[in-house]
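# Understanding the architecture of this molecule
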Amino acid sequence: MFRHRMLRRTMAKGLAGLAAMALVSTMAAAPAQAATEETQDPTVMRIATDGFIDSFNPFTSFYLMPTNTFKYMYENLVANSPETGEVIEGLATEWNTEEGGKVWTYKIRPDMKWSDGEPLTSEDVAWTYNQMMEKDELSVANGALIENFATVEAPDDSTLVITLKEPQANNPGQEIPVVPKHIWSKIDKPGEFKNKENTVGSGPFQLESYEANKSVTLKSNPNFWRGEPTLDKIQYRYYTNSDAQVQAIRSGEVDFITGLTPEQFKALESADNVETSVGNGRRFSGISINSGLADADGEEFGTGHEALQDKKVRQAIRAGIDIDTLREQVMQDYAEPATSFVPSVYEKWALPEDDPVITGFDVERAKKLLDDAGWKEGSDGIREKDGEKLSLRFLSDADATIEQNTAKFLKPWMKDIGIELKNEASDVDTVSERTTKGDYDMYYSGWSLSPDPDYQLFINTCGSRPDAEGNGGTSQDGYCNKKFDKLYQQQHVELDEDKRADLVHQALALHYEDTASITLWYQNQLEAFRSDRFTGFTKQPTDDGIIANQVGYWGYTSVEPVSAENASGEGGMGAGGWVAIAAAAIVVIGGGGFLISRRKKSDDRE
Amino acid sequence: MTTPTHDHPTPPGGPDPGGSGGSTGRDMDEPPKGGSFLGYLLRKLGGALTSMILVVVLGFFAFRMLPGDPVLKIAKERPMSPAQIAELRSQYGLDKPVIVQFWDYLVGIFTGELGESYVYRKPVSDLIVDYLGPTLLLTATAAILAIGLGLWLGQLSAWRRNSLFDKMASSTSLVFWSVPTFWLGLILLMIFGGTLQWLPTGGMITPGLDPWSFAGIIDVIKHLILPVITMVAVVYAQYLMVMRASLIEEMSEDYLTTARAKGLTEDEVRKKHAVPNALLPTITVVFMHIGGLITGAVTVEAVFSWPGLGKLTFEAISGPDLPLLQGTFVVFSAIIIVMNLAADIVYRWLDPRVRRA
């Protein structure tokens, strides 16, 4: 009996040991395994993503991930330069305008080919634009861009004529993907076409395959008019959370990631074979102020504090905020100082920092402005007027660290100038619903801008204001000033770029003075790539710009593999400590096993 | 060797939630009448059906009570004209009155159509079928391991109640049980993925590999290890605790003394007599928890980028993709309801006369 038990115990221990060994050996074999397959292919660049994809139909999809991909798949009529984002040649080599910007005539580059080898002519462009103009279901993604189009014609293979309803200065050929007529005209319901594999296009890369929530693979286009890219493939891999993405670049499972938080970014700065990049982004963040909302017809709505309808009070709030400190503390300096809502990367249009209208942090001025507006300090230090307290609500997303930290700084600063600020933090959907209804005094907001400021200026005009249900138009802050509208209209049709820039500056200065919102900063886009595998990323703008989310296909098209000798690929520095921890864990687990067997003996003795 | 299970009469107040007079008035030693089992079954089915109807109704209205207009949220910060927004609204069917939308939804559910996802522009039922496989693979693996580990450690702990082993095993399991899943997953990811680089940091398979090839299967197993460890670590405590409690209860039983008197070793007494009896209530709990395990996959899938139903739900919420949310909600709820029903039936079927109190 005893021998029998002994035997069984030995067997049990032996089995457990075998299992443990099997587990350890699988794990140990893992890096060798992972390093094979496509990971080793020097011309496949892998990018971590978590972007939504509904389809790769450029007529209908407006999610960030597909639209970013379209920029690589389809050349536009005109492109935006990597240096400054200004309009440069795309499918068209040159263009001119007639009738003060009402008729635009483009010369299409001769002898271009689609990725399948078929000729690319002006007829493809005309067909694409006309489809969007004729069919509602094909204007879902880019309808706003063709709203002003009256007719589009291709009198010959190398000429395209766009006739607009109203003249406009902004080149109408930007940002609309042009698709091959010989493919899309044969599709029964183009609005429902997914376009998710072996696509035909004109950009540097074509979509090879797409597996939902797993990967998106792009293949280089040998017929790209600027020449075939060096990279063979770009492969997006799905990572649901950004912390996992950080681990993936550390382990070398992906080669590029973007959208890092400052903490993640700092952690990667010391990682081996990883190079980080701080990019000046095209997004502004700011505080939107409810200066009295109304729809486009002037019908008022919302619960904004009456005091905010007074420009002086709004200006006082700006003067009371130490934006530089806020940027350093909340953004950890990963943001550029801002003037107005056009980011400084668009140098030509952004309101210059030395514009006389710009005022700084000045508590005394803030107090004086509030005094002038009739808000006198009460016994508790909070200002009052006609028995009403100057108490304002700040809506914020409870999950957004930046917003919560901003609120923490704002509260005492506002107290200093006699304004009580209540941070009303809730979920993002509630914030969105309340801002639509106008049920707020201030909230944290932001927008990403295209190279041309026209759209952003447009959504600051009186006519863009939506009603309390959010129908009608889209407005940045519900701003309305007839003088601004006039400047908008003037710049909208001013064909001389310098004159137009001057008008844009005037409009931005007016908006700054009116203080419908306070622009805080232009957030940096924090990115990282495997420097042991790839080099030659193009930034937009060139010096200190962004790699992902560009306007155009520059970021990855110029990328080249690092030569094999330089690519060591071995990380593992500092792994010693972790090995020790793992060893300790094994000892603990092993100890448990020992304990089990030891206890067994004593049980048997009972 | 016969298990002593069948020698014990049913106590009143077992988990027969029907609580009908039929079972309490009956002679305890009398085998249950066929009719009463059928009645029990019908009651349970009725209950499950009622829950399901409630879920279907709730699934529609609860998500419509969420603040925010889905179309405005989708259009937020995008250059969209009012015409584009109106087109989207009509594509999504949101321009119809709520009652009409509800009717469409009901008709859809009874014909097996759960509507079309806003984000994926695909039928929700197709999406759920696509994503169910990975979730089942993950949860089934984790469930088997967690149940095995929990029950095994549980019976050992009970047998050596209050020993060092018992204290260590129970407290370790409770520590893991209290740890946030998200945190544990990320820590494992950092150690074994990012730093040691032993295991992949996310996904189910390296893109480009055929999942049915040998290399593909090995690759999937490697991707499985971390999420499964995370899930097992977080849930095995509940099996351990149930097993431990029911075995301890069993240990004072007379039949064990009889068994020992027959000259059986402690191991044999435990394995052949005590554990089989203690397993009964445990199995019920196991069944009841399987449903919860699948919903628990939401977090694990989000951490490890596992392309399953959890991830789909996660995305549906951020949309908000109403049809997809409704669909996953109804499916998840249905799984739990069916599992609870199964637990009730299995319990009754295995042994209506549980243990003496």
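Just so you know, these numbers come straight off a predicted model, no measurement behind them.

## Considerations on the overall build of chain A
- A tally of regular secondary structure across chain A gives 17 helices and 26 strands.
- Expressed as a percentage of its 606 residues, the buried residues of chain A come to 46%.
- In chain A, of all internal contacts separated by at least 6 residues, the share reaching a separation of at least 24 is 67%.

## Re the environment of Trp114(A)
Residues and elements named next belong to chain A.
- Checked against the element boundaries, Trp 114 lands in the loop between strand 6 (112-113) and strand 7 (119-120).
- For Trp 114, a count of 20 C-beta atoms within 10 Å gives the class buried.
- C-alpha separation for the pair Trp 114 and Leu 520, spaced 406 residues apart in sequence, amounts to 44 Å.
- When residues no more than four places from it in sequence are discounted, the contact partners of Trp 114 are Leu 120, Pro 180, Val 200, Gly 201, Ser 202 and Asn 223.

## Digging into the interface of chain A and chain B
- Counting residues at the interface gives 57 residues for chain A and 55 residues for chain B.
- Within the residue set of the side of chain A that touches chain B, elements represented by two or more residues are helix 1 (2-35), helix 4 (143-146), strand 11 (215-220), strand 12 (233-238), helix 6 (242-251), helix 12 (428-437), strand 23 (442-448) and helix 17 (575-605) of chain A.
- With eight residues, the single largest contributor to the side of chain A that touches chain B is helix 17 of chain A.

## Details of unusual backbone geometry
Residues and elements named next belong to chain A.
- Omega for the peptide link from Gln 540 to Pro 541 comes to -5°, which places this bond in the cis form.
- Inspection of the secondary structure puts Pro 541 in the loop between strand 25 (534-535) and helix 16 (554-557).
- The residue Asn 213 is not glycine, and still its phi comes out positive at about 60°.
- Positionally, Asn 213 belongs in the loop between strand 10 (205-211) and strand 11.
- C-beta crowding within 10 Å serves as the criterion here: with 22 such atoms nearby, Asn 213 is assigned to the buried category.

## Quick word on the sheet that holds strand 5 (residues 103-108) of chain A
All names here are of chain A.
- Strand order in this open sheet of four strands is 4-5-9-8, and the pairing throughout is antiparallel. Sheet topology places strand 4 (92-98) and strand 8 (149-156) at the edges, where each strand pairs with a single neighbour. Across the sheet, the mean angle from the axis of one strand to that of its neighbour is 20°, orientation sign disregarded.
- The sheet contact formed by strand 4 and strand 5 spans six bridges and is antiparallel. Paired with Glu 98 across the bridge in strand 5 is Val 103.
- Across the face of the sheet, helix 3 (residues 122-134) comes into contact with strand 5, strand 8 and strand 9 (159-164) while running at roughly 160° to strand 8.

## Things to note about the nonpolar core
- Among the nonpolar cores identified, the biggest contains 202 residues, and Met45(A), Ala146(B) and Tyr239(B) are the most heavily contacted of them.
- It is helix 9 (residues 214-251) of chain B that contributes the most residues to this core, 16 residues altogether.
- The contacts of Met45(A), once residues within four sequence positions are left out, are Leu231(A), Ile234(A), Asp255(A), Phe256(A), Phe534(A), Tyr556(A) and Val559(A).

## As for the domain arrangement of chain A
Residues and elements named next belong to chain A.
- Annotation of chain A at the domain level lists domain 1 (6-16 + 288-523), domain 2 (35-55 + 192-281 + 524-604) and domain 3 (76-187).
- The straight-line distance from the C-alpha centre of domain 1 to that of domain 3 is 36 Å.
- If you look at the interface, domain 1 gives 12 residues, while domain 3 gives 13 residues.
- Broken down by element, the side of domain 1 that touches domain 3 gets its largest block of residues, three residues, from helix 14 (residues 482-493).

## Some details on the pairing of strand 23 of chain A
Residues and elements named next belong to chain A.
- With respect to burial, strand 23 is a largely interior element, five of its seven residues being buried.
- Direction of pairing for strand 14 (residues 274-289) relative to strand 23: antiparallel, over a ladder of seven bridges. Within the sheet, the bridge partner assigned to Arg 283 lies in strand 23 and is Ser 448.
- In the sheet, strand 21 (residues 391-397) pairs with strand 23 via two bridges, with the strands oriented parallel. Across the sheet, the residue bridging to Phe 394 is Met 442, located in strand 23.

## Quick look at helix 5 (residues 98-110) of chain B
- Given a rise of 1.5 Å per residue, 13 residues ought to cover 18 Å, and the 19 Å separating the end C-alpha atoms of helix 5 of chain B matches this to within 8%.
- Directly after helix 5 of chain B, the chain includes Gly112(B), whose backbone phi takes a positive value near 80°.

## Quick look at the UniProt feature "transmembrane region" (unreviewed entry) in chain B
Residue and element names in this part refer to chain B.
- Feature annotation in UniProt assigns "transmembrane region" (unreviewed entry) to the following positions: residues 45-63, 131-153, 174-200, 220-242, 278-304 and 324-347.
- Its end C-alpha atoms 27 Å apart, residues 45-63 is made of 100% helix and 0% strand.
- As annotated, residues 174-200 comprises 74% helix and 0% strand, and the C-alpha atoms at either end are separated by 28 Å.

## What about the environment of Phe182(B)?
All names here are of chain B.
- By the secondary structure assignment, Phe 182 is in helix 8 (residues 181-195).
- It is 24 Å that separates the C-alpha atoms of Phe 182 and Gly 327, two residues lying 145 residues apart in sequence.
- If near-sequence neighbours (up to four positions away) are discounted, Phe 182 is found in contact with Thr 299 and Val 303.

Conventions we followed
Residues numbered from 1 in each chain as written. Chains lettered and ligands numbered in written order. Predicted model: local features only at pLDDT ≥ 70, side-chain atom pairs only at ≥ 80, totals over all residues. Helix = DSSP H or I, 4+ residues; strand = E, 2+ residues; numbered from the N terminus. Buried ≥ 20, exposed ≤ 12 C-beta atoms within 10 Å, placed from the backbone. Contact = placed C-beta atoms within 7 Å. Pairing = 2+ DSSP bridges. Axes fitted to C-alpha atoms, helices over the stretch in contact; angles between N-to-C directions. Core = buried A, V, L, I, M, F, W, Y, C linked by C-beta atoms within 7 Å. Domains from an automatic or database assignment. Expected span 1.5 Å × (residues − 1). UniProt positions renumbered as here; feature names shortened; annotations may be inferred.

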